[in-house]
Amino acid sequence: MRAIQDTAILVDSPVPPRDAIARLDAAEPLLVVDDLHVTFTTPRGIVRAVDGISYRLHRGEIMAIVGESGCGKSAAALAIMRLLARPAGKTPKGRILFQGQDLLKLPESKMREIRGRDIAMIFQEPMSSLNPVLSVGLQIMEPLRTHLGMDKETAHARALELLQLVGITDAERRLDQYPHQLSGGMRQRLMIAMGLACNPKLIIADEPTTALDVTIQAQILELMRDLSRRLDIALVIITHNLGIVARYADHVGVMYAGQMVEQATAEELFARPRHPYTIGLLKSVPRLDRPRGGRLETIEGLPPDLLRPPAGCRFAARCTLRLPLCDTAPNLVPIDGAEHLARCHRAGEIAAGLTPPSRTSPAPRTIVAPGQADVLLRVDDLHTTFVSRPGIFAEPMVVRAVSGVSFSVRRGETLGLVGESGCGKTTVGRTILRLTPATSGNVQFGDTDVLGAEGASLTAIRRQMQVIFQDPVSSLNPRMTVGQIIGEPLKVYRLARSRSAAQDRVSELLSRVGLHGYMAERYPHQLSGGQRQRVGIARALAMEPSFIVCDEPVSALDVSIQAQVITLLEELQRELGLAYLFIAHDLAVVRHISHRVAVMYLGHVVEMADRNALYETPLHPYTKALLAAAPVPDPAVERMRGTVVLGGEIPSPSRPPSGCVFHTRCPIATAECRDVVPSLEDYGSGHLAACIKLPESLAKSHESRPA
Amino acid sequence: MIGYLIKRILLIIPTLLAVGVVTFFLLRVVPGDIVELKLRGDGAAVTQLAIERERARLGLDKPLINQFGDWITGVAVFNFGTSMWTGRPVTDEIAGRLVLSLQIAFLATLIGLLIAVPLGTISALFANSWIDYSIRVVTLAGLSMPSFWLGMLIIIALLHVFDWIPPMTPTSLWRDPLGQLAQLFWPALAVGYRFSAIVARMMRSSLVEVLHEDYIRTARAKGLFERTVIIRHALRNALLPAITVSGLEFAFLIGGLVVTEQVFNLNGIGRLFVQAIINHDYIMIQALIMLTAFVFVVTNLVVDLVYAFLDPRIRYV
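The rules behind the values
Residues numbered from 1 in each chain as written. Chains lettered and ligands numbered in written order. Predicted model: local features only at pLDDT ≥ 70, side-chain atom pairs only at ≥ 80, totals over all residues. Heavy atoms only, no water. Pairing = 2+ DSSP bridges. Helix = DSSP H or I, 4+ residues; strand = E, 2+ residues; numbered from the N terminus. Buried < 20%, exposed > 50% of the residue type's maximum accessible area, 1.4 Å probe, protein only. Contact = heavy atoms within 4.5 Å. pLDDT = per-residue confidence, 0-100. 1 Å grid on protein atoms, 1.4 Å probe; cavity = no way out; pocket = protein on both sides within 12 Å on 5 of 7 lines; lining within 4 Å. Points joined across faces, edges and corners; volume = space filled by probe spheres on them. Nonpolar A, V, L, I, M, F, W, Y, C, P; charged D, E, K, R; others polar. Salt bridge = Lys/Arg side-chain N within 4 Å of Asp/Glu carboxyl O.

Asks: Would you explain the sheet that holds strand β4 (residues 93–98) of chain A in this entry?
Replies: Within a sheet, each strand pairs with its neighbour through backbone hydrogen bonds, oriented either parallel or antiparallel. All names here are of chain A. Strand order in the open sheet formed by four strands is β2-β1-β4-β5, with antiparallel pairing between adjacent strands. With partners counted over all chains shown, the strands left at the sheet margins are β2 (45–57) and β5 (101–102), one partner each. Pairing geometry for strand β1 (residues 31–42) and β2, over 10 bridges, is antiparallel. Each residue of the ladder has a partner; that of V38, found in β2, is V50.

As structure tokens, this is what we get:
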């Protein structure tokens, strides 16, 4: 009921009269992008960021543009808004027809009227995209007052409606708040509300949920799709996440090195990909909807440098179907009907059944069951509490980042630790490594008591326990060469007899992680993201550890590079017998690499089980919600399954809810859950879960399961 | 907020106490003796007895710790003592000069900001164009040129071009406001130019940075007028670092203008400072240092309050 009212209000609000013209030819596409070129002038030369892309979009449709970083997808979006950074971004070439009007030919003053009124844009990072010193109310009322000439009272009333429309509760109070007082999800809702303010016809969303947690991402995307359908708004979503594309998009364009390589409807593209790059992308993501395969397929190599793009097919260097013909540039041509376009000389053959040979070595991954190996690391009732004082006079703030976590890792085993931001998974890793002091609990590594270790015994375990960090840019010292970075631990721990022995060891480590020996002379900024992460891995390996904490090692990497790094980690484990604590938020990646998985929420482990048990029969309501929220790259699957969106926000760890910490968001919680702290119970063969409702809900799910 | 303010004001006491201790004992370490300087200054022959008597009169014969006790208890009730040189209460000596120095400081700050904010903004908006480069030359000149030398240039220029010299005789703001302004404007301009150079360069760099922020792109994506984007969204964020610098500069202007005061024949705090140091007038030096420290502490507090007003992320509790 509420929703219907909201729509009515939106439709009633002042609409510029010139819309009448657009309404007459509703069959015409709202947006036509025709041979768009964007170039940037850099000190090194001219970068052709976007090299001739074309697409069209009708009202109420959702178009997704997918591609990896640097493929030009964001530049193409900013070009529509004419918001490319000047003077480096030259005026784009080509045509962008919006309601029949070429945006590239409009004077700036006319273009300003269109921005925010007819075309709105939502950006990736909701924190930095909102002005920190201006109130929420002012920022949301700005477009209303500028474009629609509303007075203060009308704009205020409309702002309240908009906040309610995007599901922000307590709207009146929110208007007086500032962005830093809102959670990440709420900030993105606010961005959407700002975008909707003047009833736009087109919304461009540039990676709208990349900075958000899985459950919050699902909330935001559901909201955007819902609004698009109800208000007949066309949506362009720019993303690197194929799951999002499959769940939400009608049309998809795949970009590679500044060009569209494949364009089709979502169903077509996922069912019958025709470009080797699309096929490779789809195969290189670990998937929750398929049985876990052996090894991930990888797309070897790196995208070309757009300063000097190759003359022929831009993907040829990485393509397994390359022919001499590929030295000439292919055109984007229809394959299987006019709607499906691909830029590949061999697309026809692929349509006829040719499949690209896989690049993975044929040896299937033998999963050594580490179930019998001895326990290497045992963590028992670990607590880590941070106490901070915001000012010298302020009350101390207590954040219980980890409260009572227990698990063990065997030799050669990977334990996955998943959870959303703020759940304490990173703190667990840091506490085990003694990078953060523990408050209480016990950590046993081999025969050593880690938390009590000092001096020589601490040095000894430091050698055995290593870490790979999330961000390979900020975790490598920019003033040191790759060789110095990898060689430093050799020096500190006197692992090499001489300088030349150290150099030999560095080049051995480099080749071990798939880098060339000459890269030892380079500095981190001269490497790509995937190469930097390989350096981080080589540095960890230099100590010959038996256990590595991998803290989100692939989340900063592009899909195709991510697969390369995961495969490397798997190989190293098999060859060196390493044990990993693999910390991540991506459920599919964790499933792929882990033997066992623990799910964390607000400092507690809520469920822990063998990989297959956890993903096939999740017990805890939070695990179920996480799995439901993660979109899978298959529109057929996505459209069949109902989306269960977990409502609410993740509570602050400084004020965790009483009883079961999950009760504020739990779909099956009752009054009892507010008081009783659930303990981890065994539900058969080591499948642990912490939920007092479980015996009931377990019985229920068994009843409802189809025969 | 009120509670925070009270706490901050109370914190001034230990800060000044620390300054007092350090100043008092450091001054006693410095070689030289005010009594000898005073009585034998002109090469006159004085008896040891006369010197002893003068020392006793000034209280210099007591143990150091007692001298400190006497002085600091006096300070606690705002009795800063009498000048060892002239015998007049130091507060009387300082008061008139402080009024003058404050007038110059405020006027220079005003002039400085009036030049700096537009200059820094224009420089940032046209970053790396010829406009930017010209402004940067102007501000670089302001940084490199000593204020007193610019003061001399101003006087010479006024004399040559207009055949006029600004009044050099002390008046009072209340009796002759225009005359006072005519006198103080030129030194304030000389000092304010340097002030504006520092703040304008800070403005430029912080605004250039802010203009690359995501929220500026958002503001443009909303279709706001460019002037709204600049004034409302960018300037308010860019002003913060400029305010810190302005606060420090303002505090420096009280007591830091030794030579400029000389050039314009002004009897301000700076000149008093130099005289007191030459004369080894301990009591006067201590009072002046306490005053300077107080000005710095208060300016800092004001800067913090302005910060809290401009940036909602900063909330003092």
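Here the narrative resumes.
Asks: Explanation requested: the side chain of A:Q188 in the structure shown.
Replies: All names here are of chain A. With respect to the secondary-structure elements, Q188 resides in helix α8 (residues 184–196). Q188 sits in the buried class, given a relative accessible area of 0%. With residues up to four places along the chain from it excluded, the contact list for Q188 reads I122, F123, Q124, P126, P208, L212 and I220.

Asks: What exactly am I supposed to notice about the confidence of the model for chain B here?
Replies: Close reading of the predicted structure is inappropriate where its pLDDT is low. Put simply, chain B has an average pLDDT of 87, and 97% of its residues get 70 or more. Reported confidences for the modelled complex are a pTM of 0.81 and an ipTM of 0.80.

Asks: Would you explain empty space enclosed by the protein in this entry?
Replies: Gaps left between atoms are located by rolling a probe of water-molecule size over the structure's atoms. With the rule as written, the count across this model stands at eight cavities of 30 Å³ or more. Put simply, the second largest cavity is a space of about 80 Å³. Forming the boundary of the second largest cavity are A:G116, A:A120, A:M121, A:P143, A:M191, A:M194, A:G195, B:T218, B:A221 and B:K222. Those elements giving two or more residues to the lining of the second largest cavity turn out to be β6 (119–122) and α8 of chain A together with α9 (214–221) of chain B. Top contributing element to the lining of the second largest cavity by residue count: α8(A), with three residues. Of the residues that constitute the lining of the second largest cavity, the class distribution is six nonpolar, three polar and one charged.

Asks: Honestly, the pattern of salt bridges in this entry has me stumped. Any pointers?
Replies: In a structure, side chains of opposite charge can pair up when their charged atoms sit close to one another. Applying the stated criterion across every chain yields a total of 36 salt bridges over all chains. With a closest N to O distance of 3.7 Å, B:R88 and B:E93 form a salt bridge. When its relative accessible area of 43% is taken as the criterion, B:R88 is described as partly exposed. One salt bridge in this structure joins B:R217 and B:D214, with 3.9 Å as the shortest N-O distance. With B:R217 and B:D214 both in helix α9 and three residues apart, the pair spans about one turn of that helix. You can call B:R217 partly exposed: its relative accessible area is 24%. Take B:D214: its relative accessible area is 23%, and that puts it in the partly exposed class. Connected through salt bridges with shared partners, the residues A:R82, A:E108 and A:R115 form a single ionic network.

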